[in-house]
Amino acid sequence: MSLKHISKYTQEDLSWARSLPKVELHAHINGSVSLDDLRSLALSKNLPFPATLALPGDPGFDIKDVFTLFSSTIYGVVRDQDALRFVVGKVLDAFQADGCVYLELRTTPKKNVAMDMDEYVMVVVGAIEEWLLGRAGSQEGLMHVRLLLSVDRRHSVEQANQIVDLAVKYAPLHTCIVGVDVCGDPTVGGIRHLVPALQKVKPAALKLVVHFAEVAECPEQDELETILSLNPDRLGHCTFVPSHLMDEIIKREITMEICLSSNVVGGTVSAYERHHLIELWKERGYRNLVLCTDDRGIFLNELSHEYLIAMDILGLTKREMEEWAARCVEQYRK
Ligand SMILES: CNc1ncnc2c1ncn2[C@@H]1O[C@H](COP(=O)(O)O)[C@@H](O)[C@H]1O
């Protein structure tokens, strides 16, 4: 797993990577909070929290276990407004401490006993605005924070419509809301049924970001073509993209969100040294790539770790890495 992998770096390397101004575009809120923070939260609310969990690094841990962690543990704790506010604050603190200067979070609005989807979005937005207000005028450069509302591939088209409508409704009122993401366990179900809802995103001047070819077994053969027909702004993972579609992505200069540790720890890529980033960077010469953490609470991967790992597997110098990071900052932190 990533922490073991980065043990070869010196403290000086880590400090350098942390001090580098960085962009994070692919971070799920409930996957970015640390399990220790969730444990404390559960304790303070008298909620059950398993003594042992299937965790990254355990034998046989794979991407299915990530989704089990969400359903069996994390959502059992993050289930009211207080908990959600706490989680958002912790995630923002963590990214700021890691040298992130532009953070695009994403989260799936949820209806539960404590709130409906609309209230869920307002709690997240309120927590972000409060966090930013609390740091206005501080010595540290203020991180820019933006938010995508996620549609889960298991949602019905009605749920997806509700989420897209929330993004359309709130984006003009809250500048942090910038678009819609499509996420969820990639091993279950396709997304064709969601197309009528997703088609409304771009005409509303919102970004469309989609998890793309994350696992080898694509639920529906033509799913990838369908996604590309929606003209997405960014694609996440892009692990199992057939060559002709990769040509198309590159021709259109779509940004790819590269999640090294998520893919390796989740077992969809067998080793960092075999990650598709290497082919994209070296053989295809593609540069519209942004390193991301995905679920740093689960994978224990700071964004600065991802930078060190990428530098290592691509054989880049610190200067080259600084140039890459600076290009990302220039592109996203406007
Ligand atoms: C590992 N790769 C991944 N691939 C696809 N979707 C993922 C994911 N990691 C997380 N999520 C999605 O994000 C939700 C948790 O954050 P929020 O409750 O929305 O903040 C998960 O339930 C899943 O749908």
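Note that the structure is predicted; figures quoted are calculated from it, not measured.

Participant: Help me out: how do you make sense of the site of the ligand in this one?
Facilitator: Taken together, the neighbourhood of the ligand is formed by 18 residues, with Tyr-75, Thr-107, Thr-108, Lys-110 and Asp-295 sitting nearest. Thr-108 is positioned such that a nitrogen or oxygen atom in its side chain is 2.6 Å from an oxygen atom of the ligand. Using a 2 Å cut-off from the grid points, one finds that the ligand occupies the largest pocket. Where the shell around the ligand is concerned, the elements lending two or more residues are α3 (29-32), α5 (63-77) and β2 (100-107). In terms of residues, the shell around the ligand owes the most to one element, α5, which gives three residues. Its residues assigned to classes, the shell around the ligand shows five nonpolar, seven polar and six charged.

Participant: I keep staring at the side chain of Lys-22 and nothing clicks. Help me out?
Facilitator: Mapping Lys-22 onto the fold places it in strand β1 (residues 22-28). Of the side chains with opposite charge, Asp-98 lies nearest to the buried Lys-22, which makes no salt bridge, at 4.4 Å. Within the local environment of Lys-22, its side chain forms a polar contact with the backbone oxygen of Arg-18, the two atoms lying 3.1 Å apart. Apart from the residues lying within four places of it in its own chain, the contact partners of Lys-22 are Ala-17, Asp-98, Gly-99, Cys-100, Val-101, Tyr-102, Leu-303, Ser-304, Tyr-307 and Val-329.

Participant: What's the story with the packing of aromatic side chains in this structure? I'm lost.
Facilitator: Two aromatic rings, taken as a pair, are described by how far apart their centres are and by the angle between their planes. One pass over the structure, following the stated rule, counts four aromatic pairs. Ring geometry for Tyr-102 versus Tyr-332: centroids 6.0 Å apart, planes at 40°, classification tilted. Here Tyr-332 lies in helix α16 (residues 318-332) and Tyr-102 lies in strand β2, a separation of 230 residues in the sequence. Note on accessibility: Tyr-102 and Tyr-332 belong to one class, buried. Relative to Trp-324, the ring of Trp-281 has its centre 4.4 Å away and its plane inclined at 40°; by these criteria the two rings are tilted. With Trp-281 in helix α13 (residues 276-283) and Trp-324 in helix α16, this pair connects stretches of sequence that are 43 residues apart. Trp-324 carries the same exposure label as Trp-281, and that label is buried. Arg-287 extends its terminal NZ or CZ atom over the ring of Trp-281, reaching a point 3.7 Å from the ring centre. One residue, Arg-296, lies across the ring of Phe-95, its end atom 5.4 Å from the ring centre.

Thresholds applied
Residues numbered from 1 in each chain as written. Predicted model: local features only at pLDDT ≥ 70, side-chain atom pairs only at ≥ 80, totals over all residues. Heavy atoms only, no water. Near = heavy atom within 4 Å. Polar contact = N/O pair within 3.5 Å; in protein donor to acceptor, adjacent residues only side chain to side chain. 1 Å grid on protein atoms, 1.4 Å probe; cavity = no way out; pocket = protein on both sides within 12 Å on 5 of 7 lines; lining within 4 Å. Sits in = over half its atoms within 2 Å of the grid points. Helix = DSSP H or I, 4+ residues; strand = E, 2+ residues; numbered from the N terminus. Nonpolar A, V, L, I, M, F, W, Y, C, P; charged D, E, K, R; others polar. Buried < 20%, exposed > 50% of the residue type's maximum accessible area, 1.4 Å probe, protein only. Lys, Arg positive; Asp, Glu negative; His and termini not counted. Salt bridge = Lys/Arg side-chain N within 4 Å of Asp/Glu carboxyl O. Contact = heavy atoms within 4.5 Å. Phe/Tyr/Trp six-rings, centres within 6.5 Å; stacked < 30°, edge-to-face > 60°. Lys NZ or Arg CZ within 6 Å of the ring centre and 35° of its normal.

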